[in-house]
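Observations on the model geometry
This is what each chain is made of:
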Amino acid sequence: LTVLDQVAGNQFTVQGLDATEVMWVAVREEKDGVLGNILGASKVFAGLDQSITVELLRPTVAGNTYRIVFYRDIGTPDFNHKEDVAISGREGKFVAK
């Protein structure tokens, strides 16, 4: 998994992602070290060395910090942060440029 700082905007790309199961990759705001709002999520299917682009509901802001959080796909086929379970110990962080 490679999470690099990226230009602020309406999407974010995760590279080198290895997935052994169906999951979601979500972009979340970080404020004072605490997870904030989810800006967008994309479904990931099992596979190696994937590049996944997450379309965001609103753009990232230059200078702000964001986290990439992975969720196990549970239940409905759509992303639901209240139903899908965060995968502990697997996340990344980036600063929008």
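Everything below is about the structure printed above this text.
The present account deals with the structure reproduced in this document. Numbering of residues begins from 1 in every chain and follows the order in which that chain's sequence is written. Residue-level local features of this predicted model are given only where pLDDT is at least 70; pairs of side-chain atoms are given and counted only at 80 or more, and the full residue set underlies all totals for whole chains, interfaces and linings. Only heavy atoms go into the side-chain values, all of them from the structure, while hydrogens and water stay out.

1. Remarks on the overall build of the chain
Test applied: Only runs of H or I of at least four residues qualify as helices and only runs of E of at least two qualify as strands under DSSP, and these elements are numbered from the N terminus. Radius of gyration: over C-alpha atoms. The globule rule applied is 2.2 Å multiplied by the number of residues raised to the 0.38 power. When checking whether two residues touch, look at their non-hydrogen atoms; a contact exists if any pair is within 4.5 Å. For every accessible area listed, the method is Shrake-Rupley and the probe measures 1.4 Å; residues are considered covered only by the protein chains on display. For this count, His and the chain ends are skipped, Lys and Arg are scored as positive, and Asp and Glu as negative. Note that the charge is assigned to NZ on lysines, CZ on arginines, CG on aspartates and CD on glutamates.
Helix and strand counts for the chain stand at zero helices and six strands. For the chain, the α and β elements follow one another from N to C terminus as β-β-β-β-β-β. Over its C-alpha trace the chain gives a radius of gyration of 12 Å, about what one expects of a compact globule, namely 13 Å for 97 residues. Seen along its three principal axes, the alpha-carbon backbone of the chain occupies a region of about 35 × 30 × 25 Å. Across the chain, the fraction of contacts at a sequence separation of at least 24, relative to all contacts at a separation of at least 6, is 63%. Here the chain displays about 5400 Å² of accessible surface, and carbon together with sulfur accounts for 50% of that area. Where the 10 positive side-chain charges of the chain centre and where its 13 negative ones centre are 5 Å apart.

2. A word on the sheet that holds strand S5 (residues 65–72)
Each strand in a sheet pairs with its neighbour through backbone hydrogen bonds, running either in the same direction (parallel) or in the opposite one (antiparallel). So the rule is basically this: Strands qualify as paired when DSSP identifies two bridges or more between them. Note on method: axes are straight lines fitted to C-alpha atoms, helices fitted across the in-contact stretch only, with angles between N-to-C directions ranging 0 to 180 degrees.
What the four strands build is an open sheet, ordered S3-S2-S5-S6; its pairing is antiparallel. Each end of this open sheet is capped by a strand with a single partner; those strands are strand S3 (34–44) and strand S6 (85–95). Here the strands of the sheet are splayed against their neighbours by 25 degrees on average, with no regard to which way each runs. Here S5 pairs with S6 via seven bridges, running antiparallel. Within S6, the residue paired with Val 69 across the bridge is Glu 91.

3. As for the side chain of Ser 42
Spelled out, the test is: Burial classes follow relative accessibility: with a 1.4 Å probe on protein chains only, a residue under 20% of its type's maximum area counts as buried, one over 50% as exposed, and anything between as partly exposed. Between N or O atoms, a polar contact is any pair within 3.5 Å; within protein, one atom must be a potential hydrogen donor and the other a potential acceptor, and residues adjacent in sequence are included only when both atoms are from side chains.
The residue Ser 42 is located in strand S3 in this model. Exposure remark for Ser 42: the relative accessible area of 13% places this residue in the buried category. Within the structure, the side chain of Ser 42 is placed 3.0 Å from the backbone oxygen of Thr 53, a separation counted as a polar contact.

4. A few points about the nonpolar core
Which entries qualify depends on this criterion: To define a nonpolar core, start from buried Ala, Val, Leu, Ile, Met, Phe, Trp, Tyr and Cys residues and group those joined through side-chain atoms within 4.5 Å.
In this structure, Val 25, Val 27, Val 44, Ile 68 and Phe 70 are the most contacted members of the largest nonpolar core, which totals 18 residues. If you list the elements that add at least two residues to this core, you get strand S1 (11–19), strand S2 (23–31), S3, strand S4 (47–55), S5 and S6. With four residues, the top contributor of residues to this core is S1.

5. Let's talk about unusual backbone geometry
We note that Asp 32 has phi near 55 degrees; this positive angle belongs to a residue other than glycine. Within the element layout of this structure, Asp 32 appears in the loop between S2 and S3. With a relative accessible area of 82%, Asp 32 lands in the exposed category. Even without a glycine there, the phi angle at Asp 49 is positive, about 50 degrees.

Read these as spatial facts, not as claims about activity.
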